[in-house]
Amino acid sequence: MKTEGPATARGGIAGFLENPVIGMAPWIIFSLLVGPGRFEIAVLLALATTIVLVAAGRIVNRGSSWKLLEIADLVFFAILAVVGVLASDDTRRWLETYAGEVSNVALFLIAFGSMAFRMPFTLQYAREQVDPAYWHRPTFLRTNYVITGVWGLAFLVAALAGAYGDLVLHNPNNIWTGWIIQILAIVAALRFTAWYPEVARARALREAGEPGPDPPDLSGLFVPLAGLLVPIGIAVLIFDGNVWWLGVALIVVGGTLTKRLTAHR
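Predicted, not measured: the structure shown is a model, and the values here were computed from it.

The phi torsion at Arg118 lies on the positive side, around 60°, for a residue other than glycine. Here Arg118 is to be found in the loop between helix H5 (89–116) and helix H6 (121–126). Exposure remark for Arg118: the relative accessible area of 68% places this residue in the exposed category. Within the chain, His170 stands out as a residue other than glycine whose phi angle is a positive 55°. Along the chain, the position of His170 falls in the loop between helix H7 (138–168) and helix H8 (175–207).

Structure, rendered in structure tokens:
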């Protein structure tokens, strides 16, 4: 992530491909799509997305190094594709039910495992966006540890929600455990990834006694999340009429919070 110093001169496509969120795109696609009757299409889309992103990264950024997340993407989804082709009907049904949780747990382990080996996976992307002089600065390193940890926790939340839907509710397509909670966790991590580097940069400048903007306040982090409550409330009204009152409450609370948080920015 950009935490200090100017970004190196790169085109828009190159900068897009250097974002760690792009490396997680296949996992997000797979975890949200997979389910009964959707295993094959989820694997194929995730694997195809991985191949396209890796190929584009090698073409656009010819000096770009292989990253842990890219390798994990290729290996994980290639193995799932092969297993899906060779698996028995019982194994395929198990994968349709639990592969989403498996992928979320795998990314959780990748995130915290990379931190345990002192190489948070976002760091490899961040180093291609800033001057090498900043690579070993505490603020730069700490920011990548924090963001990597937030992504790991987001996928852990998604895994736990999916597991609850599968094992307790026996309903992989439950709107809350299969969709809303998982989407909220991912959107929260996405927003934090965009918000936190600016906070870290502003704090670093202040600690160094250098001029710079004030750190962004929490409203910048929560406005998109509050706004998301409105479409979630609408989805609840459409797909879970038994708790229509909750859908209405989410719409009202989401609209009110968004208005108030925006006014304080």
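Text resumes after the structure shown.
Let's shift gears to the nonpolar core. Core analysis: the largest hydrophobic core is formed by 39 residues, its most contacted members being Trp27, Phe30 and Trp151. Those elements that provide at least two residues to this core are helix H2 (20–33), helix H3 (39–60), helix H4 (68–86), H5, H6, H7 and H8. Examining the composition of this core, we find that 8 residues originate from one element, H8, more than from any other. Trp151 has contacts with Val21, Met24, Ile28, Phe121, Ile186, Ala189, Leu190 and Thr193, leaving out every residue within four places of it along the chain. If you look at the next biggest cluster of nonpolar residues, it comprises 7 residues, including Ile175, Leu228, Val236 and Leu250.

Turning our eyes to something else, we now look at the pattern of salt bridges. With the rule as written, the count across this model stands at 5 salt bridges. In this structure, the salt-bridge partner of Asp90 is Arg93, at a minimum N-O distance of 2.2 Å. Linking Asp90 with Arg93, this pair stays in helix H5, spanning 3 residues, or about one helical turn. Residue Asp90 is classed as exposed on the basis of its relative accessible area of 54%. On the accessibility criterion, Arg93 (46% relative accessible area) is partly exposed. Residues Arg201 and Glu198 are paired through a salt bridge, measuring 2.8 Å at the closest nitrogen-oxygen approach. Here Arg201 pairs with Glu198, and both are found in helix H8, just 3 residues apart, close to one helical turn. Overall, Glu198 belongs to the partly exposed group, its relative accessible area being 39%. Residues joined by salt bridges that share partners form a network here, namely Glu40, Asp89 and Arg92.

Bringing the side chain of Thr177 into the picture now. With respect to the helices and strands, the residue Thr177 is situated in helix H8. Judged by its relative accessible area of 6%, Thr177 is buried. Setting aside residues up to four positions removed in sequence, Thr177 forms contacts with Ala161, Gly162, Tyr164, Gly165, Leu169, Asn171 and Gln182.

The N-to-C vectors of H2 and H4 enclose an angle of 20°; their axes lie 9 Å apart at closest approach. What the angle tells us is that H2 and H4 run roughly parallel. Between H2 and H4 lies a crossing whose hand is left-handed. The residues of H4 that touch H2, namely those facing Pro20, Gly23, Met24, Pro26, Trp27 and Phe30, are Leu69, Ala72, Asp73, Phe76, Phe77 and Leu80. Of the residues assigned to the contact of H2 with H4, the class counts are 10 nonpolar, 1 polar and 1 charged.

Right, let's get into the packing of H2 against H8. At a closest axis distance of 12 Å, the pairing of H2 and H8 adopts a crossing angle of 175°. Looking at the two axes, H2 sits roughly antiparallel to H8. Packed against H2, whose contacting residues are Val21, Ile28, Ser31 and Leu32, the element H8 presents Trp179, Gln182, Ile183, Ile186, Leu190 and Thr193 at the interface. Here the contact of H2 with H8 is composed, by residue class, of 7 nonpolar, 3 polar and no charged.

Thresholds, definitions, all that
Residues numbered from 1 in each chain as written. Predicted model: local features only at pLDDT ≥ 70, side-chain atom pairs only at ≥ 80, totals over all residues. Heavy atoms only, no water. Helix = DSSP H or I, 4+ residues; strand = E, 2+ residues; numbered from the N terminus. Buried < 20%, exposed > 50% of the residue type's maximum accessible area, 1.4 Å probe, protein only. Core = buried A, V, L, I, M, F, W, Y, C linked by side-chain atoms within 4.5 Å. Contact = heavy atoms within 4.5 Å. Salt bridge = Lys/Arg side-chain N within 4 Å of Asp/Glu carboxyl O. Axes fitted to C-alpha atoms, helices over the stretch in contact; angles between N-to-C directions. Parallel < 35°, antiparallel > 145°, perpendicular 65-115°, else oblique. Left-handed = near helix turned anticlockwise from the far one by under 90°. Nonpolar A, V, L, I, M, F, W, Y, C, P; charged D, E, K, R; others polar.

The quantities given are spatial measurements derived from coordinates; they are silent on function.
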